[in-house]
Amino acid sequence: MEIRINSSEIPYIFKKMKKFKLIKTFVLIALGILVICFRDVFLKNDGEYLNILIGITMILFAINAILEGLIFDKKNIWVKQALVSLINLIFGIVTIFVPKVCTNPLLITCILWGVWSILNELQEIIVKIASHIKTAPLISIVNLLESIAVIVFSILLIVEANLHAALVHVIILGIELILEPIWNYLFAFEISLLSYIKNKK
């Protein structure tokens, strides 16, 4: 059954979204800084703890998707967010547990991480960038270039699957976690700026 939202509930939803975005911004930026600063810890002993870092990151993305679905509370958003959440959750659980029972855990971790990163960036291109290309073209192009760069590095991570490739990708992960919430503010800024310029004419 489809859940409908009354117009009186809209301000409350906006309040929830604002609070959620603020918390998400601080959490992701803090995580990104920690990942970059402590990257060597995760890569000790041939990346012994790398799969745990990546698995937890994937699960966090799954939780984020579910929370966004809960906040919007609409069937069409729920279906998309539930699917995204399920994919991230499966990747997260597999990445945490499977490499430990393999003869080459680093190889398996790098492959799973690379595939997940590619899927994540493709989803971002299809959903976020495609929906903003007309309203915020400049930031959309920059975001697209960033996504393409991550996809290229993800392919290299799968192909090489060694500590050096993993180190590069850990740094990229930290930068991505920092940029993830910032993109939304940049999109909003460009949309507001273009709207202001248009109204001035």
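Structure shown above.
Residues numbered from 1 in each chain as written. Predicted model: local features only at pLDDT ≥ 70, side-chain atom pairs only at ≥ 80, totals over all residues. Heavy atoms only, no water.

**Things to note about the packing of aromatic side chains**
Aromatic rings in a pair are described by how distant their centres are and how their planes are angled relative to each other. Inclusion rule: Two rings from Phe, Tyr or Trp (for Trp, the six-membered ring) form a pair when their centres are within 6.5 Å of each other. A pair whose planes differ by under 30 degrees is stacked, one over 60 is edge-to-face, and the rest are tilted. Helix and strand definitions here come from DSSP, where helices need a minimum of 4 consecutive H or I residues and strands a minimum of 2 consecutive E residues; each element is numbered from the N-terminal end.
Counted according to the given criterion, the structure contains one aromatic pair. Pairing F61 with W116 gives two aromatic rings, centres 5.3 Å apart and planes at 90 degrees, and the pair type is edge-to-face. Of this pair, F61 sits in helix α4 (residues 50–72) while W116 is found in helix α6 (residues 105–132), placing the two residues 55 residues apart along the sequence.

**Structural notes on the nonpolar core**
Basically, it comes down to this: Here, nonpolar core refers to any group of buried Ala, Val, Leu, Ile, Met, Phe, Trp, Tyr and Cys residues whose side-chain atoms link them within 4.5 Å. Think of it in three bands: residues with accessible area under 20% of the maximum for their type are buried, residues over 50% are exposed, and the middle band is partly exposed, with areas taken using a 1.4 Å probe on protein chains only. Contacts were defined at the residue level, with two residues in contact if any of their heavy atoms lie within 4.5 Å.
Residues L50, L53, I54, W113 and L173 are the most contacted members of the largest nonpolar core, which totals 22 residues. Mapped by element, the contributors of at least two residues to this core are α1 (10–37), α4, α6 and α8 (163–200). If we skip the residues at most four places from it in the chain, L50 touches F42, L43, L106, T109, W113, A166 and V170.

**Some points on empty space enclosed by the protein**
Formally: Grid spacing is 1 Å over the protein atoms alone, the probe is 1.4 Å, and a cavity is where that probe fits but cannot get out, while a pocket is an open set with protein on both sides within 12 Å along at least five of seven lines and lining residues have an atom within 4 Å of a point. Grid points are joined across faces, edges and corners, and a volume is the space filled by probe spheres set on the points.
Throughout the structure, instances matching the rule amount to two cavities of 30 Å³ or more. A volume near 60 Å³ is recorded for the largest cavity. Looking at the largest cavity, the residues that line it are F61, W116, N120, E121, L173, E176, L177 and E180. Broken down by element, the lining of the largest cavity gets its largest block of residues, four residues, from α8.

**Digging into α8**
Note the following rule: Given the number of residues in a helix, its expected span is that number minus one, multiplied by 1.5 Å. Note that the bend at a residue is defined as the angle between axes fitted to the seven residues ending at it and the seven residues starting at it.
Taking 1.5 Å as the rise per residue, α8 with 38 residues should run 56 Å; its terminal C-alpha atoms sit 54 Å apart, in good agreement. At E180, α8 shows its largest kink, close to 35 degrees, and the proline P181 lies no more than four residues downstream.

**Looking at the layout of surface pockets**
Note the threshold: Gly falls in the polar group here, along with every residue not listed as nonpolar (Ala, Val, Leu, Ile, Met, Phe, Trp, Tyr, Cys, Pro) or charged (Asp, Glu, Lys, Arg).
When its volume is computed, the second largest pocket comes out at roughly 420 Å³. Lining the second largest pocket are 22 residues, and of these V27, L28, L31, L60 and L177 lie nearest its centre. Elements represented by at least two residues in the lining of the second largest pocket include exactly α1, α4 and α8. In terms of residues, the lining of the second largest pocket owes the most to one element, α4, which gives nine residues. Of the residues belonging to the lining of the second largest pocket, the class tally is 18 nonpolar, two polar and two charged.

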